[in-house]
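For reference, the chains in residue letters:
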Amino acid sequence: MQGYQIVDEPRPGVLSHLTVNPYWPLLGLMLGGAWLGWTWFAFNAFAIGSASKGRELAAMALGVAGSAGIVIGVAALAGAGLVEEWTIPYLLVAVVAWKLLVGYYVYFQQSRSFALHAYFGGVERSGMVVVAVAFFVRIRLVDAVSVPLLEWVLG
Amino acid sequence: MRVAGGGGSFLERAQRQLALGNTHGAVEILRDALSFDPDDASAHAVLAATLLDLRRTHAALHEARVALSLAPDSDITHRVMCRVLIAHRKLRLAEEHVQRAIELEPEESYNHLAASHLYAVTGNVARERQMLEAALARDADSPDILAALGDHHLRTGAVAEAHRLAHEALTAEPEHHDALVLMGRVHLRQGRIEDAREHAVWALRQRPSDREALTLLASIKTRESLALGLWWRFNTWMGELGDGRSILVLLGGYVVYRTLGIALRDAELDGLATLLTFGWLGLCAYTWVAPGMFQRKLREELAEVRLRDDF
């Protein structure tokens, strides 16, 4: 890529050789948890030199804050007796939906930069091993984390 | 609007690539043009339109803004901005720009054509027709205008008139993409399935991801087999959804699945809940492989159909 740069084109940095297709971090989010998905998305944004890096990072920060907000909100409602106990699992579906919403948003944003990265012949690595390892690590991690808030936000 | 020494030839080359359906090639030529002269408003405007064709709407808006800042009194930059704003669904602002383009160059047929596209999107059929007729009055032989007017007639039920205009457009330019799609739709409406398919395939060979041509082929499939047609329609529909709507569809499905799953387990219907989980996993697996399957079927379709010698 030389000469005039179009505003949505990636600006690859020193990490560009570690770029993965954004569907791997998305799969990481689904199978490994938010701790992996969002960290990986953030790393990949820098590796690709994503033109929408700012928006992606802001969305992930909102993802963490929103997940925590929903969990705290549900706990507060339950603590105040405003919702019955049997409704809690239904209300907590919102946490997973919220994390997926943010994950898909970042995925679509990053996919555009990745498509251009691939178009210009950029390196692409497979993320399969990371996702497979994360899937098994997650189970141990969930067992190890004894704080429900962290478990819901990062799980 | 400033066009630098080499700019004119760059633009001609880019437009030739666009006519051949090579949008990526056109982008590279326009990149060269702008490396040579970053203040070439024409190159920025054509680049904006090209990026829009590639669905790079954010970059298209940026280029259209640059073009407009460099040439605020050019009808072309206002027209391009109108197209870009339609893609961003900023229709009121788009109308302001297209009206400005008409004010600047009232005799330019493409300004009226752009206005007709805007009114087609807003559903103002009377204004759309008025603008198409104004465009045709200024350029009676343009296949772009003939095809757009034919499309308007087809949508309003005047099939014979649409057929006449499609034929006229194809006489003026035998491989005109929009006219090919229009003729295919006319044939489909007239029940001439094989003719419709030939036109759809020809249009898809020019632009393999064109939404209109894919929708036409999906409609043809529906006429042949309801099940296969519905599958084609579903995939075309999924392909048409923008990022935002795709996310909402996927999340909506997930929330329904999870809520239903919890409700079934609460009701101690574990067997049904397990079945639901397998169904959901199957759907997830399908959505991962479906785009690839659809593209393969499309390639097969394009390879299998042989056009008649007299097509």
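Residues numbered from 1 in each chain as written. Chains lettered and ligands numbered in written order. Predicted model: local features only at pLDDT ≥ 70, side-chain atom pairs only at ≥ 80, totals over all residues.

**Considerations on the overall build of chain A**
Phase 1 of the analysis: Summing up its helical and strand segments, chain A has six helices and zero strands in all.
Phase 2 of the analysis: The dimensions of chain A, computed from C-alpha atoms along their principal axes, are 65 × 30 × 20 Å.
Phase 3 of the analysis: Here chain A holds 155 residues, and the buried ones make up 36% of them.
Phase 4 of the analysis: Counted over contacts in chain A with a minimum sequence separation of 6, partners at least 24 positions apart contribute 79%. (Helix = DSSP H or I, 4+ residues; strand = E, 2+ residues; numbered from the N terminus. Buried ≥ 20, exposed ≤ 12 C-beta atoms within 10 Å, placed from the backbone. Contact = placed C-beta atoms within 7 Å.)

**Topic: the overall build of chain B**
Phase 1 of the analysis: Looking only at helices and strands, chain B features 16 helices and zero strands.
Phase 2 of the analysis: Evaluated residue by residue, chain B yields a buried proportion of 36% over its 311 residues.
Phase 3 of the analysis: Put simply, of all contacts in chain B between residues at least 6 apart along the chain, 44% involve residues at least 24 apart.

**A short note on the interface of chain A and chain B**
Phase 1 of the analysis: With 16 residues of chain A in contact, the opposing surface of chain B contributes 19 residues.
Phase 2 of the analysis: Looking at the side of chain A that touches chain B, its residues break down into 14 nonpolar, one polar and one charged. (Nonpolar A, V, L, I, M, F, W, Y, C, P; charged D, E, K, R; others polar.)

**Side note on the nonpolar core**
Phase 1 of the analysis: In this structure, L30(B), A48(B) and A64(B) are the most contacted members of the largest nonpolar core, which totals 76 residues.
Phase 2 of the analysis: The dominant element in this core, judged by the number of residues it contributes, is helix α3 (residues 41–53) of chain B, at nine residues.
Phase 3 of the analysis: If we ignore the near neighbours within four places in the chain, the residues touching A64(B) are A45(B), A48(B), V80(B), M81(B) and V84(B).
Phase 4 of the analysis: Residues W24(A), L26(A), A134(A) and V153(A) belong to the second largest nonpolar core, which totals 27 residues. (Core = buried A, V, L, I, M, F, W, Y, C linked by C-beta atoms within 7 Å.)

**Focus: unusual backbone geometry**
Residues and elements named next belong to chain B.
Phase 1 of the analysis: For R89, which is not glycine, the phi dihedral falls at a positive 60°.
Phase 2 of the analysis: Looking at the secondary structure, you find R89 in the loop between α5 (75–87) and α6 (91–104).
Phase 3 of the analysis: When the 9 C-beta atoms within 10 Å are taken as the criterion, R89 is described as exposed.

**Section: the environment of Q130(B)**
Residues and elements named next belong to chain B.
Phase 1 of the analysis: Looking at the secondary structure, you find Q130 in helix α8 (residues 125–138).
Phase 2 of the analysis: Judged by the 15 C-beta atoms lying within 10 Å of it, Q130 falls in the partly exposed class.
Phase 3 of the analysis: Sequence separation between Q130 and A115 is 15 residues, and the spatial gap between their C-alpha atoms is 9.7 Å.

**Here's the deal with the confidence of the model for chain B**
Residue and element names in this part refer to chain B.
Phase 1 of the analysis: On average, residues of chain B score 87 in pLDDT, and 93% of them are at 70 or above.
Phase 2 of the analysis: The least confident element of chain B is helix α14 (residues 226–240), whose mean pLDDT is 71; the most confident is α6, at 97.
Phase 3 of the analysis: The ipTM assigned to the predicted complex is 0.71, against a pTM of 0.74. (pLDDT = per-residue confidence, 0-100.)

**Let's talk about the packing of helix α11 (residues 177–189) of chain B against helix α13 (residues 211–224) of chain B**
All names here are of chain B.
Phase 1 of the analysis: Running from amino to carboxyl end, α11 crosses α13 at an angle of 20°, the nearest separation of the two axes being 10 Å. Comparing their axes, α13 and α11 come out roughly parallel. Regarding α11 and α13, the two cross each other, and that crossing is left-handed. Residues V181, G184, R185 and L188 of α11 lie in contact with α13, whose contacting residues are E212, A213, L216, S219 and I220.
Phase 2 of the analysis: Residues that form the contact of α11 with α13 fall into these classes: five nonpolar, two polar and two charged. (Axes fitted to C-alpha atoms, helices over the stretch in contact; angles between N-to-C directions. Parallel < 35°, antiparallel > 145°, perpendicular 65-115°, else oblique. Left-handed = near helix turned anticlockwise from the far one by under 90°.)

**Comments concerning helix α2 (residues 23–36) of chain B**
Phase 1 of the analysis: Helix length check: α2(B), at 14 residues, gives a terminal C-alpha distance of 20 Å against a target of 20 Å (1.5 Å per residue), a fit within 8%.
Phase 2 of the analysis: Turning to α2(B), its buried residues number three or more, namely A26(B), V27(B), I29(B), L30(B), R31(B), A33(B) and L34(B). (Expected span 1.5 Å × (residues − 1).)

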